[in-house]
Amino acid sequence: MPGGRLTHDERRSIAAWLAEGSGYAEIARRLGRPTSTVSREVARNGGPGGYTADRAQRATGARARRRGPAPVPEPAAGPVREFVEGFAALLAGTGLPRMAARVFACLLTADATGLTAAELVRRLRVSPASVSKTIGYLETMELVTREPVPGGRRERYLIGDDAWTRAWRTDTRVHDEVATAARRGAEIMGHGTPAAARLTQMSRFFGQVSAAMNGSRISERATADALTLVAALAHATRPLTVPELAAALGLPVDRVADAIEAVERRPLIADPFALRRTESRTVSRTETGAYALTPLPERLSAAQQAALDALA
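Quantities reported herein were computed from a predicted structural model and do not represent experimental measurements.

Thresholds applied
- Residues numbered from 1 in each chain as written.
- Predicted model: local features only at pLDDT ≥ 70, side-chain atom pairs only at ≥ 80, totals over all residues.
- Heavy atoms only, no water.
- Core = buried A, V, L, I, M, F, W, Y, C linked by side-chain atoms within 4.5 Å.
- Buried < 20%, exposed > 50% of the residue type's maximum accessible area, 1.4 Å probe, protein only.
- Helix = DSSP H or I, 4+ residues; strand = E, 2+ residues; numbered from the N terminus.
- Contact = heavy atoms within 4.5 Å.
- Pairing = 2+ DSSP bridges.
- Axes fitted to C-alpha atoms, helices over the stretch in contact; angles between N-to-C directions.
- Expected span 1.5 Å × (residues − 1).
- Arc of directions from axis to C-beta.
- Parallel < 35°, antiparallel > 145°, perpendicular 65-115°, else oblique.
- Left-handed = near helix turned anticlockwise from the far one by under 90°.
- Nonpolar A, V, L, I, M, F, W, Y, C, P; charged D, E, K, R; others polar.
- Phe/Tyr/Trp six-rings, centres within 6.5 Å; stacked < 30°, edge-to-face > 60°.

1. Quick look at the nonpolar core
- With 24 residues, the main nonpolar core has Val103, Leu107, Leu120, Ile135, Leu138 and Val144 as its most contacted residues.
- At the level of secondary structure, the elements contributing two or more residues to this core comprise α5 (79-93), α6 (98-108), α7 (117-124) and α8 (128-140).
- A total of 7 residues in this core trace back to one element, the largest contributor, which is α6.
- Beyond its immediate sequence surroundings of up to four residues, Leu107 is in contact with Leu115, Leu120, Ile135, Val144, Tyr157 and Ile159.
- Within the second largest apolar cluster, 20 residues are counted, among which are Ala226, Leu245, Ala259 and Leu293.

2. Considerations on unusual backbone geometry
- We note that Arg125 has phi near 60°; this positive angle belongs to a residue other than glycine.
- Topologically, Arg125 is positioned in the loop between α7 and α8.

3. Quick look at the environment of Leu199
- The topology assignment puts Leu199 in helix α10 (residues 194-213).
- For the pair Leu199 and Ala182, spaced 17 residues apart in the sequence, the C-alpha separation amounts to 5.1 Å.
- Discounting residues that sit within four places of it in the chain, Leu199 has contacts with Ala182, Gly185, Ala186 and Met189.

4. So, the sheet that holds strand β5 (residues 273-277)
- A sheet is described by the order of its strands in space; here 3 strands give the open sequence β4-β6-β5, paired in antiparallel fashion. Of all the strands in the sheet, the pair left with one neighbour each is β4 (240-241) and β5.
- Across the face of the sheet, helix α11 (residues 220-235) comes into contact with β4, β5 and β6 (290-295) while running at roughly 80° to β6.
- Docked against the sheet, helix α13 (residues 253-265) engages β5 and β6, running at close to 125° with respect to β5.

5. Overview of α11
- Compared with an ideal rise of 1.5 Å per residue, which puts 16 residues at 22 Å, α11 spans 23 Å between its outermost C-alpha atoms and is within 8% of the ideal.
- Buried within α11 are the following residues: Ala222, Asp225, Ala226, Leu229, Val230, Ala232 and Leu233. End-on view of α11: buried residues confined to an arc of 165°, all on one side of the axis. Turned more than 90 degrees away from the buried face of α11 sit Glu220 and His235, all of them exposed.
- Where the residues of α11 are buried, they touch β4, α12 (242-249), α13, β5 and β6.

6. Focus: the side chain of Asp225
- Note on placement: Asp225 falls in helix α11.
- Not counting residues within four places of it along the chain, the set of residues in contact with Asp225 comprises Leu251, Arg255 and Ala259.

7. A short note on the packing of α5 against α6
- In contact at an axis separation of 8 Å, α5 and α6 are set at 135° when each is read in the N-to-C sense. The orientation of α5 with respect to α6, classified from their angle, is oblique. Considering the relative orientation of α5 and α6, their crossing is right-handed. Between α5 and α6, the contacting residues are Val84, Glu85, Phe87, Ala88, Ala89, Leu91 and Ala92 on the first element and Arg98, Ala101, Arg102, Phe104, Ala105, Cys106 and Leu108 on the second.
- The residue inventory of the contact of α5 with α6, partitioned by class, reads 11 nonpolar, no polar and 3 charged.

8. Structural notes on the packing of aromatic side chains
- Using the criterion set out here, one finds 1 aromatic pair in the structure.
- Taken together, a centroid distance of 5.3 Å and an interplanar angle of 15° make the contact between Phe83 and Phe87 stacked. In this pair, Phe83 and Phe87 are both assigned in helix α5, 4 residues apart and thus about one turn of the helix distant.
- Taking relative accessible area as the criterion, Phe83 reaches 42% and is therefore assigned partly exposed.

9. Some remarks on the sheet that holds strand β2 (residues 145-148)
- What the 3 strands build is an open sheet, ordered β1-β3-β2; its pairing is antiparallel. Here the strands that pair on one side only, and so sit at the sheet edges, are β1 (115-116) and β2.
- One ladder, built from 4 bridges, connects β2 with strand β3 (residues 155-158); its direction is antiparallel. Residue Thr145 lies in a different strand from β3, and its bridge partner there is Leu158.

Set out below in structure tokens:
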């Protein structure tokens, strides 16, 4: 069986022919094996004077066990591999880096135990550094988890059953952060400036995306309180603090704080106004300065504003 491992019978033949004084080339010719195969076999297992078939067979089995299980073969060309490459291309088209898309698609089609870094390298035919960097990227998105391989220091990577929930939460958190940062930028630039208008639009857009993705995070009571808060600030003649709002509305300060948070996370609640905080210094959750409403200038054109000013 040229090309495979030596069998026990072949090892017995090697031992017998060595005892007869045959050379490596002659033994290899009789077995139909390369001479280098025979020479390495003998050298590893006692040399010409100490080679025995049984000991060589046991030693080979022990080496195989130390090396661990056979590697997962690369998928053969066919529907599965075509799907992996096609799906990776589709994911890359959505903005996911090409290598991340390939690794993700490969893990998506793996069995329940996942794949090691070495198996990913072999399947994708890329460098270990590329796989390591890509795994790190996918972990930051919470799409991939790792588990230790029993009895060794290696790790397997897999896509858990809750990957989509965790990734969803990550995206929602990022959208919240972008909306908040854009809203603060509008305050810094000064309401009424072109930069503030662009940042306000950006804040509103990402606030809508976040609300659509994870609307259940804001309770119905907080939403109702938020609408009451907006009405109160629209009626007020000056900015009001959280304690002042709580006293005027007859609500606990925590509910007013929740209502403010709801408006900040869902700017559409206050539309066509924007919630403005007059002081950015945070003392506590319920003492964050005074709040007021500012009209959104992008709702009216310059001509419409001028016409309304003329009516005043």
